[in-house]
Amino acid sequence: MTPSPPLTLPTYPDPELEAVLQSNLPHELTYALGAPFHLLLPDRFDANVAAFQVVLDEAGVDGRIYYAKKANKAAAWIERCATGGTGVDVASIGELREALGHGVCGEGIVVTGPAKADNLLRIAVLHGCLIAIDALDELERVIVIAQTTRLARILLRHLPPVQLHSRFGMNDSELDTAMRLCGDAADAVRMEGFSLHLSGYAVQPRSDMAGELVELCLKARVMGLQADRISIGGGFAVDYVAAQDWERFTREQTSADYHAGKSFSTSDFYPYHSPVAGADALRSLATRPGGTGNPLAHQLRDAGVMLLMEPGRALLDRAGCTVFRVQGVKTSFLMA
Ligand SMILES: Cc1ncc(COP(=O)(O)O)c(C=O)c1O
């Protein structure tokens, strides 16, 4: 029986990376370092950050980009952030230490992980990081820490009404209570605005919710709070493969393509093809109507609200690959 050809999902051609892979360098490195290892192209990271910044400039929106560190552990990215003035989004005490240790200042860090431990909150407050608050008890703990240390900078995270079981954010009545608490504890916390974290990669729900956050800022200002920025989180899709390759892959893949006959439905996969991705997704988000029917960029400008974002994968697009050494091939597996 002839083995069926393995199902493949080719990425877009990348002549620069291809030239490195075709040279002898990866082979030599597998002997020198052992394998697997990551081959990183930090200039691509810088270019991806710059593309997001261009969109902000074109849209006339005051904004700040925070690289979501969870997307990749390599120190190279946060070193680039420290040098280039890009912010970093951290989700744990380990990530916060790494960011600080590689030269990112506290003011350039946003802490976004859900259910934050006391030591994470304490160090974040001491360094002047911006903290996305997910629950009333978290806000109360931050206030207690800040009362004996320094003014805490916070965002209140809004639970997306379309994802009510998310770990990220507070519902409307909790947000009302949180705003009152912030007003009462103005000597301990500076409420800088609101944030959201939506799972998935769709642009319109992000744009709609961003519009709602702008409205919330206006409401919070009436209560005497600063509320001059919103964070729309991450979730900018990456377009790794061409539409026809993605369509073929999702149509043809079966359990025979995976070890131990595992099976996956299309919704289990990251959307490896996306017609609108990366900085273009930001452009689409900023220019399509938000909550009030105006383009989000107009709403932000009119309200004097800054746009923060936490892209992870989108900043790493084409910024590297992993080199594996094939240990061996068992042909009986291919002949199933
Ligand atoms: C709070 C938060 N921000 C940003 C991100 C980064 O997402 P992405 O890599 O899809 O941009 C994540 C990912 O889970 C997240 O949980």
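Bear in mind that the values here come from a model prediction, so they are computed numbers and not experimental data.

## Comments concerning the overall build of the protein
Working step 1: Secondary structure assignment for the protein yields 14 helices and ten strands.
Working step 2: At 22 Å, the protein has a C-alpha radius of gyration in line with the 20 Å of a compact globule built from 336 residues.
Working step 3: Dimensions of the protein, computed from the C-alpha atoms along their principal axes, are close to 75 × 45 × 40 Å.
Working step 4: The buried share among the 336 residues of the protein stands at 38%.
Working step 5: Within the protein, counting contacts between residues at least 6 apart in sequence, those at least 24 apart form 67% of the total.

## Quick look at the environment of Leu121
Working step 1: Examined against the element boundaries, Leu121 turns out to sit in helix α6 (residues 118–126).
Working step 2: Sequence separation between Leu121 and Val111 is ten residues, and the spatial gap between their C-alpha atoms is 8.5 Å.

## Observations concerning the domain arrangement of the protein
Working step 1: The domain boundaries assigned to the protein delineate domain 1 (1–41 + 245–272 + 326–336) and domain 2 (42–239 + 274–317).
Working step 2: Taken over C-alpha atoms, the centre of domain 1 sits 35 Å from the centre of domain 2.
Working step 3: Each side of the interface is counted separately: domain 1 has four residues, and domain 2 has eight residues.
Working step 4: A breakdown of the residues in the side of domain 1 that touches domain 2 according to their chemical character gives three nonpolar, one polar and no charged.

## Re the site of the ligand
Working step 1: Around the ligand, 15 residues are found, and the nearest of them are Ala68, Gly234, Glu310, Gly312 and Arg313.
Working step 2: The residue inventory of the shell around the ligand, partitioned by class, reads five nonpolar, six polar and four charged.

## A few points about the sheet that holds strand β2 (residues 63–68)
Hydrogen bonds along the backbone pair up the strands of a sheet, which may run parallel or antiparallel.
Working step 1: Strand order in this closed barrel of eight strands is β2-β3-β4-β5-β6-β7-β8-β9, and the pairing throughout is parallel. When the angles between neighbouring strand axes are averaged without regard to direction, this sheet yields 30°.
Working step 2: In the sheet, β2 pairs with strand β9 (residues 306–309) via three bridges, with the strands oriented parallel. When the bridges of β9 are listed, Arg64 appears paired with Leu308.

## Quick look at the nonpolar core
Working step 1: Ranked by internal contacts, the top residues of the largest apolar core, which has 84 residues, are Val111, Ile131, Val142 and Ile230.
Working step 2: Considering every element that reaches this core, the biggest residue donor is helix α9 (residues 203–222), with eight residues.

## Examining the pairing of strand β3 (residues 87–90)
Working step 1: What you see with β3 is no split at all: Gly87 and Asp89 on one side and Val88 and Val90 on the other are buried throughout.
Working step 2: The pairing of β2 with β3 spans three bridges and is classified as parallel. Within β3, the position partnered with Ala68 by the bridge is Asp89.
Working step 3: Each parallel crossover has a hand, and for β3 linked through helix α5 (residues 93–101) to strand β4 (residues 109–111) it is right-handed.

## Describing α5
Working step 1: Listed as buried for α5 are Glu95, Leu96, Ala99 and Leu100. Looking down the long axis of α5, one finds its buried residues gathered within 130° of arc, a one-sided arrangement. Counted as exposed and oriented over 90 degrees from the buried face of α5: Gly94 and Gly101.
Working step 2: Looking at the buried positions of α5, the neighbouring elements they touch are α4 (75–84), β3, β4 and α6.

## Here we look at the packing of α9 against helix α12 (residues 296–303)
Relative orientation and spacing of two packed helices are given, respectively, by the angle between their axes and the distance between those axes.
Working step 1: The contact between α9 and α12 brings their axes to 10 Å, and the two run at 10°. Classified by the angle their axes make, α9 and α12 are roughly parallel. Viewed along their axes, α9 and α12 form a crossing whose handedness is left-handed. On the side of α9, the interface is formed by Ser207, Ala210, Gly211, Val214, Cys217 and Leu218, while α12 contributes Leu296, Gln299, Leu300 and Ala303.

## Examining the pairing of β2
Working step 1: With respect to burial, β2 is a largely interior element, five of its six residues being buried.
Working step 2: Following the backbone out of β2, through α4 and into the adjacent parallel β3, one traces a crossover that is right-handed.

## With respect to unusual backbone geometry
Where the residue is not glycine, phi is negative for most of them; where a peptide bond is considered, it is trans in most cases.
Working step 1: Between Ala35 and Pro36 the backbone carries a cis peptide bond, its omega angle lying at 5°.
Working step 2: One non-glycine residue, Ala227, lies in the positive phi region at around 35°.
Working step 3: Assignment of secondary structure puts Ala227 in the loop between α9 and β8 (229–231).
Working step 4: Among the residues examined, Ala227 registers 26 C-beta atoms within 10 Å and is labelled buried.
Working step 5: Although it is not a glycine, Arg318 adopts a positive phi angle of roughly 60°.

Reading the values: the criteria
Residues numbered from 1 in each chain as written. Predicted model: local features only at pLDDT ≥ 70, side-chain atom pairs only at ≥ 80, totals over all residues. Helix = DSSP H or I, 4+ residues; strand = E, 2+ residues; numbered from the N terminus. Rg over C-alpha atoms; globule rule 2.2 N^0.38 Å. Buried ≥ 20, exposed ≤ 12 C-beta atoms within 10 Å, placed from the backbone. Contact = placed C-beta atoms within 7 Å. Domains from an automatic or database assignment. Nonpolar A, V, L, I, M, F, W, Y, C, P; charged D, E, K, R; others polar. Near = placed C-beta within 6 Å. Pairing = 2+ DSSP bridges. Axes fitted to C-alpha atoms, helices over the stretch in contact; angles between N-to-C directions. Core = buried A, V, L, I, M, F, W, Y, C linked by C-beta atoms within 7 Å. Right-handed = clockwise from strand over helix to strand, strands pointing away. Arc of directions from axis to C-beta. Parallel < 35°, antiparallel > 145°, perpendicular 65-115°, else oblique. Left-handed = near helix turned anticlockwise from the far one by under 90°.

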